[in-house]
Structures are given as structure tokens and as C-alpha cells.
Amino acid sequence: MRKEVPMVLTVLAGLFVIVAKYLHAVDQLGWFTVGNRWFQIVYAMFFLLGVVSLTIVHGKNVQRRRSKWVYSLILLICMYGYGILTLEQTVDGPEANWIYNNIIVPSDSTVFALLAFFITSAAYRAFRIRTREATVLMITSVILMMGTAPIGDTIIPGWGTLAHWLMDVPNSSAMRGIQIGAYLGGFAVALRILFGLERAHLGGAS
Amino acid sequence: MDWGILAGAICTIAVWTYLADNQNPIWELIQHIYIGLAYGWSVGYYWYTYIGPTFVGTGKDVDSLRTGHWEYIIPIIVGLLIYARYIPSISWVARYPLSLVLGWGAGYILAFNPPIFMGQITNSFYDLWTGQLSSSINNWILLLCLLGTLMYFFFTIRRDANPVMKGGVWLGRWAIMVGLGAAFGNTVLYRYNLFYGRLHYILGDWLHIAGG
């Protein structure tokens, strides 16, 4: 009941998609469209998971006056306050949109921009030329960075052409190989789930 | 004064304080405000994109509970079972919706991914003599690097005993390094672009001392 039924549900849900898609007679009945709508509704009901988890973690921080509990309180006020505001006036409402454009978007892009500094120090560690492979990695990324920025062609004419060739030929074939490998891996995992071999989601080992 | 730009500039500088000290109070404050607002936004977004249309509909053409589609009660209840994970005595009930979602995803991969996957394979049959030397050489490189990369991921064949495999894996390793180098270079450029964007925001949009 606790593990067997969910496993059967997993197999049935997976088979339903395959049958609804590949059996022409079933496809004609439009079951896939209906099933897809049901799936979207089930999935959409998960939308409060993050909010509930944050409320539990930070609610306990505030309740037990743990260190830095004031930040937890601020987080809860922002989350519920802004949640209620967006529910009241939609995410496109005037105040909701102002907060989104002037607080969320600048913070978001600055956090991602911060990674520029960390990626530079990571590059220093990764590119200390210790092996021939690391040398190739370094040379490729330097050629690409210089070739994409205007400075590359200014220093050495034709640098940009070399960068584009690297992107279009060796890079694209390696990435295609990796993609094909990833597809095959995805297939293998999907088959394992359908055959009931993958049980990590049921709380147990595979 | 544009209060929006001022708020954005304060947020930007607050996030940058992380570079000086990753435990400073300004960073802690903006971090918690940002996470709180982002989750608050997701509530409104999911409500108006998925939940609202299911319950009350957004127009005449959208089927919903209001338009008499009472069968939607079933997926709604099944979906809500996920919250049982917060009640220890019945937390196992949360496996039901999770299993359905996982099974549906697995079936979806098996049913819908082959066209994309097969497209990648059929597009890999390169024309090895195009009539032009340069493009023919490019196609040869494309094919050999692709085969090498694929060979690199064959773990079920002994590499050292088979000279073809050995050569293919060697070539594949170099091709993968070129690919990863290119990916790294692109990522670095993208991050620096974002950083310049923030600098432009502070120096141009806010302080009006640089940028056009």
C-alpha cells in the first residue's frame, strides 16, 4: 500500500502516455489531451511546497529566537506580504510590478553577475596548465572570449573567424555527442522508472 | 528622483557587499528579502497561471470547475496529497502524486523525445565530399569528433585492447575539452556582460556619470 501502489501508479501513468501517443485509435479519442490537463493540475497543486517549507524552517527560527531570527521574520513578511499583494492585483499589478522590476530583477541579475568574480578565480585554478587537456580547455576558452569580444579582431585580424570555426565545428560535434549521450541516459532512466527498478522517489534504494 | 532606480541601485550595492564579507548584515538582509519576494511572486504567478484557470477559468473557452468540469476535483485532490509529507504519520501518502508526476514524465520522455533524438542522429550523416575542400574537411572533423565523443562514453567495451576504441577515445577526449572550453568561455562572457549591465545601471541610470 505504501510502496506498491505508488509504484503501480508510476507504471500506469507512464504507460498511459505511451499508449495514448502511439496507439492511433486511443490518440483519436483525445485521451492524451485530457491526461495532460490532469497532469498539469496535479503538478500545479505543488506550487505551495516551497512556501510551506520556508514557513516551517523560518517559522521555527522566529519561534525559538535562534540566531539571526530577525532575518527569518523579514523573509516571512516579504513572502506573505508580496504573495498576498500578487494574489490581490496579479503579478502585473502596479505595486507588484514595481517591486518585481525594482527589487527582484536588480537583485537577481546582480547575484548572477557576482558569479563573474567567482568564475574568474575558478578559471585561475582550473587553467593552471598541469595537463595537455587543461591546456586545450584554456586555449579554446581564451580564443572564444577574445573572438567574441571586439578586442580579438582588433589585435589579430581573423581571430573572430577562428572563434566561430571553433564553435561551429569541433565544439558543435562534441556537444552533439554529449547530447546524444544525455538522451540515451534519459531513456535509460525513464525505462528504469517504468520497469519499477528506480525507487528512490518512494523513499528507498533503487 | 526615480525611486525605482534608487531601490534597484540599493539592492545592487547590497548584493555586492557579499564580495567584501559573505556574512555581513546588509547581504544577509537583501538575501532574505530577495528569497521572500521571489517566493511571494511565485504564489501569484502560479495562482493566476494554473490554479485560478482550473477553479474559475479565465475565459469562456477554458474548461474549469465553474464551467461544470467537476472531474477536475480528482487531480486537485491528488495534487494536494503532496502536502501530506509535512504530517509524519501520513507522510507516505505524498508518494501518490509524486509517483504520478514521475511516471508521466518518464512516459513523456519515451513517447516524445525520439523525434528530437533521431533528428540529432540523422543530421549527423554529414556529406563527406561537398565539392569544396574546406567544407569537406570541416565535415570530416565534425564526424570524427562526434564518433570520438560517443566512443568516449562507451564504458562497456575495453578501450586498451582495441586500437580503434583507443584512438576514438583519445580524439573524443580532445573534442570534449574543446567543447567544455567553449562552454566555459561563453559562461564567463555572459557573467561579465551581466556585471557590466549592473555597472551601467549604477554609473549611468542612477548616478548619470557614465554611459549613454
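All of these numbers come straight from a predicted model, not from anything done at the bench. (Residues numbered from 1 in each chain as written. Chains lettered and ligands numbered in written order. Predicted model: local features only at pLDDT ≥ 70, side-chain atom pairs only at ≥ 80, totals over all residues. Heavy atoms only, no water.)

A. Region of the structure containing the confidence of the model for chain B. In the predicted model, chain B carries a mean pLDDT of 90, and 97% of its residues have values of at least 70. Scored by ipTM, the complex comes to 0.85, with pTM at 0.84. (pLDDT = per-residue confidence, 0-100.)

B. Inspection of the domain arrangement of chain B at higher detail. All names here are of chain B. Split into domains, chain B comes out as domain 1 (1-66), domain 2 (69-123) and domain 3 (130-212). Each of domain 1 and domain 3 was reduced to a C-alpha centroid, and the two centroids are 34 Å apart. Listed by partner, the interface residues are eight residues for domain 1 and seven residues for domain 3. Its largest share of buried area at the contact with domain 3, domain 1 owes to Ile-5, Thr-12 and Trp-16, together 62% of the area lost on that side. (Domains from an automatic or database assignment. Contact = heavy atoms within 4.5 Å. Buried area = accessible area lost by both parts, 1.4 Å probe.)

C. Expanded view of the side chain of Glu-28 of chain B. Relative to the assigned elements, Glu-28 of chain B resides in helix H2 (residues 25-55). Apart from the residues lying within four places of it in its own chain, the contact partners of Glu-28 of chain B are Lys-68 and Tyr-71 of chain A together with Gln-23 of chain B. (Helix = DSSP H or I, 4+ residues; strand = E, 2+ residues; numbered from the N terminus.)

D. Summary view of the packing of aromatic side chains. For the structure shown, the criterion picks out 24 aromatic pairs over all chains. Seen in terms of ring centroids, Phe-16 of chain A and Trp-31 of chain A are 6.5 Å apart; in terms of plane orientation they differ by 5°. Their pairing is stacked. Note that Phe-16 of chain A is positioned in helix H1 (residues 4-22) and Trp-31 of chain A in helix H3 (residues 31-44), a separation of 15 residues in sequence. You can call Trp-31 of chain A partly exposed: its relative accessible area is 44%. Plain terms: the ring middles of Tyr-192 of chain B and Tyr-196 of chain B are 6.2 Å apart, the flat faces sit at 45° to each other, and that makes the pair tilted. Highlighted residues: Tyr-192 of chain B and Tyr-196 of chain B, both in helix H6 (residues 163-206), separated by four residues, approximately one helical turn. On the accessibility criterion, Tyr-192 of chain B (22% relative accessible area) is partly exposed. One aromatic cluster in this structure is built from Phe-16, Trp-31, Phe-32, Phe-39, Tyr-43 and Phe-46 of chain A together with Trp-104, Tyr-108 and Phe-112 of chain B. For Arg-65 of chain A, the ring lying beneath its charged end belongs to Trp-69 of chain A, and the centroid distance is 4.6 Å. One residue, Arg-85 of chain B, lies across the ring of Tyr-86 of chain B, its end atom 5.8 Å from the ring centre. (Phe/Tyr/Trp six-rings, centres within 6.5 Å; stacked < 30°, edge-to-face > 60°. Buried < 20%, exposed > 50% of the residue type's maximum accessible area, 1.4 Å probe, protein only. Lys NZ or Arg CZ within 6 Å of the ring centre and 35° of its normal.)

E. Spatial organisation of the environment of Val-136 of chain A. Within the secondary structure layout, Val-136 of chain A lies in helix H7 (residues 132-148). According to the relative accessible area criterion, Val-136 of chain A is buried, its value standing at 17%. Considering only alpha carbons, one finds Val-136 of chain A and Val-26 of chain A, 110 residues apart in sequence, at a separation of 53 Å. Residues contacting Val-136 of chain A, with those up to four places away along its chain left out, are Trp-174, Met-177 and Val-178 of chain B.

F. The arrangement of the packing of H3 of chain A against H2 of chain B in detail. Where H3 of chain A meets H2 of chain B, the closest approach of the two axes is 10 Å, and the angle between their N-to-C directions is 115°. At the point where H3 of chain A passes H2 of chain B, the crossing takes the left-handed sense. The residues of H2 of chain B that touch H3 of chain A, namely those facing Arg-37, Ile-41 and Ala-44 of chain A, are Tyr-50, Ile-51, Pro-53 and Thr-54 of chain B. (Axes fitted to C-alpha atoms, helices over the stretch in contact; angles between N-to-C directions. Left-handed = near helix turned anticlockwise from the far one by under 90°.)

G. Geometry of a nonpolar patch on the surface. Nonpolar side chains collect at one region of the surface, where Phe-112, Leu-115, Phe-117 and Phe-118 of chain A together with Leu-19 of chain B lie side by side and expose about 410 Å² of accessible area between them. Among the structural elements, Phe-118 of chain A can be located in helix H6 (residues 94-127). (Patch = residues over 30% accessible without salt bridge, like charges linked within 9 Å, V, L, I, M, F, W, Y side chains within 5 Å. Areas by Shrake-Rupley, 256 points an atom, 1.4 Å probe, with all protein chains shown as cover. Salt bridge = Lys/Arg side-chain N within 4 Å of Asp/Glu carboxyl O.)

H. Spotlight on the side chain of Ser-136 of chain B. Along the polypeptide, Ser-136 of chain B turns up in helix H5 (residues 133-152). In contact with Ser-136 of chain B, not counting residues within four places along its chain, are Leu-128, Trp-129, Thr-130 and Gly-131 of chain B.

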